[in-house]
Amino acid sequence: MPHLLCLDLGTSAAKVALLDLDGTVHRRAEVPYPTRHAADGTAEQDPRDWERAARAVIAELLEAAPAAKAWVDGAAPAPVPDTAPDVEVAALVLTGQMQDLVPVPRSGAASIAILYSDTRAGAEAEELRAALAADGVSWDALTGNLQDATSCAAMHLRLLRTAPEQLADLQGVVFGPAGYLVARMGLGLWCDPTTAATTGLLEARTRDWSPAVARAAGLDPALLPALTGAAGQVVGHAGAEATALLGVPDGLPVVLAPGDAGATTSGIVGLAPGDAYVYLGTSGWLASVLPGTGTSPTGAQDAGGEPDGDEPDGVESAGEGSAGEDPAGEGAAGEEPAGVSHHLALGTSSATAEPPILRIAALLSAGAAADWARQAVLDGADPARADQLLEAREQERGRGPSGLLALPSIVGERFPVRDASLRGAVLGIDAGTRGIDLYAAMLEGVAHGLAHGLEHADGTSFRPLPVTGGGAASAPWLRILADVTGRPVRTVDGTDAALLGCALVAAEALGLDHALVPLGARQEAATIDPDPSAAAQHAALRPAHRALYDAAAQVQRLR
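Rules used in this analysis
- Residues numbered from 1 in each chain as written.
- Predicted model: local features only at pLDDT ≥ 70, side-chain atom pairs only at ≥ 80, totals over all residues.
- Heavy atoms only, no water.
- Helix = DSSP H or I, 4+ residues; strand = E, 2+ residues; numbered from the N terminus.
- Buried < 20%, exposed > 50% of the residue type's maximum accessible area, 1.4 Å probe, protein only.
- Contact = heavy atoms within 4.5 Å.
- Areas by Shrake-Rupley, 256 points an atom, 1.4 Å probe, with all protein chains shown as cover.
- Expected span 1.5 Å × (residues − 1).
- Arc of directions from axis to C-beta.
- Axes fitted to C-alpha atoms, helices over the stretch in contact; angles between N-to-C directions.
- Parallel < 35°, antiparallel > 145°, perpendicular 65-115°, else oblique.
- Nonpolar A, V, L, I, M, F, W, Y, C, P; charged D, E, K, R; others polar.
- Core = buried A, V, L, I, M, F, W, Y, C linked by side-chain atoms within 4.5 Å.
- Pairing = 2+ DSSP bridges.
- Phe/Tyr/Trp six-rings, centres within 6.5 Å; stacked < 30°, edge-to-face > 60°.
- pLDDT = per-residue confidence, 0-100.

## Describing the overall build of the protein
Phase 1: When you go through the protein residue by residue, the secondary structure sums to 15 helices and 25 strands.
Phase 2: Looking at the protein as a whole, 58% of its 559 residues qualify as buried.
Phase 3: Within the protein, residue pairs in contact and separated by at least 24 positions form 73% of the contacts whose partners lie at least 6 positions apart.
Phase 4: Per element, the accessible surface of the protein, about 20300 Å² overall, is 52% carbon and sulfur.

Written as structure tokens, this is what we have:
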């Protein structure tokens, strides 16, 4: 059976897995690489570290199959000796962090990659915004996302001024390690649309590079990479350069998958409009696949990446507005206010005739708010003890709202409002309120925050909502999430989601018969149904919960 060699180059490490066409992971490996941070907002990596890590993890996997050959143009490789595993490698598939600025020299390795979390280009971002506005162009409206210091366009303008030697004699620029490795393999300059949508250089409606933004950033549009059209696209075949660089078999097809946010979504739910999943980690988010036609990309990129991998790498913005203050203008009727979610392009696939949009509605605090509440109102109880208390409360009172409304915004908020100064709040405390009620209310607050995003999603899907991240280990929290959203929920282990997503898009790109299924669609995932009465009560509370964000922000400004 052919296997897919899937490589994910994230913020902190290169991860690789060998998957067969049934979705079984036969082997995986991981090698870390460093990031250079500085007090001025620097966040940089050395692309040569990406190369070394990628070669190391690929070598570790292929050691298990020393006679492995490429599956080229449908022709099976030569049989391997009995002493070696029978492995047929169908393709090398690449994904990774997004929104990095990587100048690619005409010869040799690049020496610098400015990461998505680098915030030094604030002045250049404002200069770009003003220059485009002078020509009657709204940068945010053009790109469909709020732009600031973390825009690759702003990074380029800053680098042009501070280290122009880094931009001399270039082959071009790419925007992440996946595109960089493709270039270093001698396959040209490429970028997937999901990564492209994070750069501040892609026009949201045309899904093409903006010459106006590129020129304003001092970037020759001819240096921009070609854009893939499909969710997974064969961009070439390994030759001598690829073999020397990564040790992959000669002739091996190379597939560029979506950037990690898209690959992860593909691996958890797929890329069909209506698909959605929830992540409950330190932060939290709702990722929804929306139809590309009729969806206005009025959202904006939000602040606060998680360098520990708690959020898709390269969906970041440094600036923050306030609740009730729309930094990018009011959306049309029926649209969410601009500036409160990420909108990323996705490539075409068999799941949809038109290329869809990936919308990420992110909460700054999910697990972090639960951690705070356990310390503050449950005497430092660990998660297992807190779950026991929730179970006892549910046995006593049944499923349903706590009677309180809570905002989990203990360090500011990104969704459903965008406000760095907002803080958490609890409304409705009375003489009978207990610590466990306050804890339940905080978990409800996270669930309501995410549910506000479902109101802008497809609205017709009642498929189970997959949940991943550490919070998915709490059965009481999952029941609360099901009741608040009104959707069945099911837990999935998202550890290999991006790698599985790579395999799914690659199998389609190569035309392989396969039995690959997203994690959220697998039958072994247990489903928790909403309680109809509790769901109706929570739905009635949703407008009040949304109004609490604005009320809390107004009080905060008066303090």
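Back to the text.
## Considerations on helix H11 (residues 383-397)
Phase 1: Its 15 residues give H11 an end-to-end C-alpha distance of 21 Å, which sits within 8% of 21 Å, the value for a rise of 1.5 Å per residue.
Phase 2: When we look at burial in H11, the residues that qualify are Ala386, Asp387, Leu390 and Arg393. The buried residues of H11 occupy an angular sector of 120° when projected down its axis, which confines them to one face. Facing away from the buried side of H11 by over 90 degrees, the exposed positions are Gln395 and Glu396.
Phase 3: Buried residues belonging to H11 abut helix H10 (367-377), helix H12 (435-454) and helix H13 (475-485).
Phase 4: Residue glycine 398 follows H11 closely and has a positive phi angle near 80°.

## Focus: the packing of H12 against helix H15 (residues 532-558)
Phase 1: Running from amino to carboxyl end, H12 crosses H15 at an angle of 90°, the nearest separation of the two axes being 10 Å. Comparing the axis directions of H12 and H15 gives the class roughly perpendicular. Listed contacts from H15 to Glu444, Gly445, His448, Gly449, Ala451 and His452 of H12 are His538, Leu541, Arg542, His545, Arg546 and Tyr549.
Phase 2: For the contact of H12 with H15, a count of residues per class yields 3 nonpolar, 6 polar and 3 charged.

## Section: the nonpolar core
Phase 1: Core analysis: the largest hydrophobic core is formed by 72 residues, its most contacted members being Leu4, Val93, Phe175 and Leu201.
Phase 2: Looking at this core, the element that brings in the most residues is helix H14 (residues 497-510), giving 10 residues.
Phase 3: With residues up to four places along the chain from it excluded, the contact list for valine 93 reads Leu4, Leu5, Cys6, Leu7, Val255, Ala257, Cys502 and Ala506.
Phase 4: Membership of the second largest hydrophobic core comes to 42 residues, among which are Tyr33, Val102, Ala242 and Leu252.

## With respect to the sheet that holds strand E5 (residues 43-45)
Two strands in a sheet stick together by hydrogen bonds in their backbones, pointing the same way (parallel) or opposite ways (antiparallel).
Phase 1: Spatially, the 3 strands line up as an open sheet ordered E4-E5-E9, and their pairing is antiparallel. Looking along the sheet, the strands with just one partner apiece sit at the ends: strand E4 (36-37) and strand E9 (113-114).

## Quick notes on the packing of helix H9 (residues 260-268) against H14
Phase 1: Contact pair H9 / H14: the axes reach a minimum separation of 6 Å and the direction vectors enclose 80°. On the basis of the axis angle, H9 is roughly perpendicular to H14. Facing H9, whose interface residues are Ala263, Thr264, Ser266, Gly267 and Ile268, H14 presents Ala497, Ala498, Leu500, Gly501, Cys502, Leu504 and Val505.
Phase 2: Tallied by class, residues from the contact of H9 with H14 come to 8 nonpolar, 4 polar and no charged.

## Digging into the packing of aromatic side chains
Phase 1: All told, the structure shown has 3 aromatic pairs when counted by the stated rule.
Phase 2: Note on tryptophan 50 and tyrosine 180: the rings are 5.8 Å apart at their centroids and 70° apart in plane angle, and the pair reads as edge-to-face. Of this pair, tryptophan 50 sits in helix H1 (residues 47-62) while tyrosine 180 is found in helix H5 (residues 177-184), placing the two residues 130 residues apart along the sequence. For the residue pair tryptophan 50 and tyrosine 180, the accessibility class agrees, reading buried in each case.

## Quick notes on the sheet that holds strand E20 (residues 357-363)
Phase 1: Pairing is mixed across the open sheet formed by 7 strands, whose spatial order is E19-E20-E18-E17-E23-E24-E25. The strands lining the two open edges of the sheet, one partner per strand, are strand E19 (342-345) and strand E25 (527-528).

## As for the confidence of the model for the protein
Phase 1: Looking at the protein, the pLDDT average stands at 89 and 86% of residues meet or exceed 70.
Phase 2: When the criterion is pLDDT under 50, residues 66-84 qualifies, and its contacts beyond four places in sequence or with other chains add up to 32 contacts.
Phase 3: Under a pLDDT of 50 for its full length, residues 318-322 has, in the predicted model, 21 contacts with residues more than four places off or in other chains.

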